[in-house]
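Fold and contact review
The primary structure of each chain is shown beneath.
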Amino acid sequence: GGRGTRHKLVSRYPMAKYVVGVDGGTGGIRAGLFEIATGEPVGFADTPYETRYPQPGWAEQDPNDWWVGMGSSVRKVLEDARVAAADVAGICCDTTCCTVVALDDAGDPLMPCILWMDMRAAEQTEQVLATGDVALRVNSDGAGPVSAEWMVPKALWLKQNRPELFARAAKVCEYQDYVNLKLTGRYCASANNVAVRWHFVDGKPPTSLLAKLGMPELAEKWPKDVVQMGHAVAPLSEAAAAHLGLDAGIPVAQGGADAFVAMVGLGTVRPGQLALITGSSHLHLGVTEGEFHGRGIWGTYSGALVGERSHLVEGGQTSTGSVVNWFKTMCGGGEGFYDEVNAAAALIPPGCEGLVMQEHLQGNRTPHVDPLSRGVVSGLTLRHGRAHVYRSILEGISFGTRLIFDAMRANGYLPESVVVAGGATRSDLWLQIHADVAGIPFKRTKCADAPALGSAILAAVAAGAHGGDVFTAVDAMVHEEGVVMPRPDVHALYAKPYAAYKGTYAATKQLIRRQGKSEEGVDPAPRANSLGDTSPGPRATVCPSLLSADQGNLAGDVSRMIAEGADWLHVDIMDGHFVPNLTIGPPVVAHLRSQAPEAFLDCHLSCTDPGALIDGLAVAKASSVTFHFEVMEDAAACAHLAGRIRSLGMRAAVALKPRTPIESVYPLVDASPPAVDMVLCLSVEPGFGGQKFNPEVCAKVRTLRRRRPDLDIQMDGGVNADTAGAAAAAGANVLVAGSAVFGSPNPSRVIADLRRAVVEAKAEKPWLEE
């Protein structure tokens, strides 16, 4: 650990040329080495760590893994860049937000952390909101909801469900505070975290809120010291320096929550600027000069960023990039889909000739704060084609962003410019639509790793570079790559379709509620793994196929599916020869493993030479490898390759095309022990998603299940809620589903339904019937 006698602060600037920015993420911890003068990245190093899901809706990590990973990443980035410790002027770390830890008096964890995505405190959020305390003004001016991610609900859960542990906890804090304690020995909080997720008001703890909850003692467990981002926490301790491979005494700068430190890395630190962080969803973080609160927005958060007078306002769209990916999946899009559809959509006039899309496929976060809202397509005619629908999705998301800007404007704030990061930056058309709809310039920056760069900027400031001023450092270290200007004439053309978009929610809200209303007393959205499989025999396993995921955000979709309750993730690897499609290879599998250490990666090789990929997949830490019987000489060759796969620590499986006889694998499954762990019976031709289920394949599955009751049998191709029953009744216990899961607004329900079909079939064993 890094506790103990504090070292005297050592100033290395201007002699030292580098700073280290550390990004503590969900799947692992990344260290970036940057030039202190220009912000140019020199190198990065990543160390993954495990996330565990002990119960539905829960997510935990071991805080010790963060510390071990930080040491590994920092040492590696220095070694790879051949930079000496003496050339590093300072270090700063950002972390996931609202990842809560309980520590004893010595600063050691009493339990695994409650990760930011953990939803166990859902019941406590209602108790928090019911207080009506003034601190809740940041939650849509007190109207709520309060997120189960936030600090107070999680701490209340600990007090109510683990009272003995809560009483023993001398410290209750976040990932950010734990790391700084290890680095310096000082127990303090980040002004950013306490402002945006702890319900602090003007830098002070919400004592009246805690008193109303019967939890006043929490304030005594929280850090007493609160340090602004970019200020020095303390010098790096001797023990921490030895752990990281740095010199003791260099300043450790205060960081904050990853998305907010990313604002610094994007250069959005002045009033009027806004960061738009895109991916499966949109997050809007704006800097304001004054305080305000209102319906349909989060914040403002006072003192949350940099500068004495800064406030932050927050908005969010739940489903954005995920809607674009859903459409690609629905169209059976493959390689080049986005290039093709973007080119076609660019030829369609603004407004899509009367077609309007409401993008609420997974509800609305702001400004309506309605998780039950759903997507709507209106004005559809026979004239409209695929490109119209695609463009309407881009426009609908952009209308949703403008609606959030309008909610901010109603409270006195309108961003003067928007800096964009993430998936939307890859589409020039989408950025232009965003700019035209909003009437605001949209900018891109050169460094894609905004959180690590933001941490590096804060480290540089604490080290005394750039006059010790964050604004000066941002100007020197953040570099714009381009600006997309709004076109006034096109902005005017969007007035009518934007008005139609705004009217859609009110016009359809009650209709959607009636359509989605569940029966009295029935949970409308059970967690995917709420139906456990404790029955004897091969385990019911649901395996979402990444062919239907967002190819630009595979790691994010892997983490999302795990959170939704998936057992495995199906990874198709195609060489373009065995099937007319080319997909990912072992390097991408290695990246997925680094981002999702806990995932079971079920790799299906549709390749003419599967043996050439085995070593690479072993290095990438694949969990299971399936190869095709059709590319092997005979069953003996299959057994040899399967043995090689197993010898490298992976499960081995063989796949059959729909027309390949099931008798082909008998020599493999009849061996003692069986030469393979699983047989994949494809109900479609390999190569592409979105094909229809072929029920004739069920006869093969039924025959194999009768022959081997204890074998894992997998079915892939056209599996959905309508066909899962037939697959399970034939004896398949591992179901691969792509479009049915990724295209659903409620993946957890789909996963639960598929698993239930297998569990129920196992109980009845219909494959034994004549």
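Residues numbered from 1 in each chain as written. Predicted model: local features only at pLDDT ≥ 70, side-chain atom pairs only at ≥ 80, totals over all residues. Heavy atoms only, no water.

1. Notes on the confidence of the model for the chain
Looking at the chain, the pLDDT average stands at 87 and 93% of residues meet or exceed 70. Between residues 1-5, whose pLDDT stays under 50, and residues either more than four places distant or in other chains, the model counts 19 contacts. (pLDDT = per-residue confidence, 0-100. Contact = heavy atoms within 4.5 Å.)

2. Points about the sheet that holds strand 22 (residues 541-544)
Strand order in the open sheet made by the eight strands is 22-29-28-27-26-25-24-23, with parallel pairing throughout. Strands at the two margins of the open sheet, each flanked by one partner only, are strand 22 and strand 23 (569-574). Between one strand axis and the next, the sheet turns by 25° as a mean value, whatever way the strands run. One ladder, built from three bridges, connects strand 28 (residues 712-716) with strand 29 (residues 734-737); its direction is parallel. When the bridges of strand 29 are listed, Q714 appears paired with V734. Packing against the sheet, helix 20 (residues 586-595) makes contact with strand 23 and strand 24 (601-606), and its axis sits at approximately 170° to strand 24. (Pairing = 2+ DSSP bridges. Helix = DSSP H or I, 4+ residues; strand = E, 2+ residues; numbered from the N terminus. Axes fitted to C-alpha atoms, helices over the stretch in contact; angles between N-to-C directions.)

3. A word on the pairing of strand 20 (residues 442-445)
Sheet topology places strand 19 (residues 417-422) next to strand 20; three bridges connect them, and they run parallel. Note on strand 20: the bridge partner recorded for V419 is K443. Two elements, strand 20 and strand 21 (residues 480-484), share four bridges in a ladder whose sense is antiparallel. Looking across to strand 21, one finds that R444 is bridged to G482.

4. Here's the deal with the sheet that holds strand 21
Reading across the sheet, the seven strands line up as 15-16-14-13-19-20-21 and stay open at both edges, with mixed pairing between neighbours. Looking at which strands have only one partner, the edges of the open sheet turn out to be strand 15 (298-302) and strand 21. For this sheet the average axis-to-axis angle between neighbouring strands, irrespective of direction, equals 25°. Contacting strand 13 (273-278), strand 14 (282-288), strand 16 (311-317) and strand 19, helix 13 (residues 386-410) runs over the sheet at an angle of about 150° to strand 16.

5. Points about the pattern of salt bridges
Per the stated rule, a full pass over the model turns up 29 salt bridges. A salt bridge links R120 to D118; the shortest N-O distance between them is 2.9 Å. For the pair R120 and D118, one class covers both residues: buried. Here D428 ties to R444 by a salt bridge, and the two come within 3.2 Å at their closest N and O atoms. With D428 in helix 14 (residues 428-438) and R444 in strand 20, this residue pair connects regions lying 16 residues apart in the sequence. (Salt bridge = Lys/Arg side-chain N within 4 Å of Asp/Glu carboxyl O. Buried < 20%, exposed > 50% of the residue type's maximum accessible area, 1.4 Å probe, protein only.)

6. Overview of unusual backbone geometry
In this structure, P673 follows S672 across a cis peptide bond, with omega equal to -5°. Within the secondary structure layout, P673 lies in the loop between helix 23 (666-669) and strand 27 (678-682). Of note in the backbone geometry, C352 takes a positive phi value of approximately 55° without being a glycine. Locating C352 in the fold gives a position in the loop between helix 12 (337-346) and strand 17 (356-358). The exposure class of C352 is buried, given its relative accessible area of 0%. The phi dihedral of E353 is positive, around 50°, even though this residue is not glycine. With respect to the element layout, E353 can be found in the loop between helix 12 and strand 17. Since its relative accessible area comes to 34%, E353 is described here as partly exposed.

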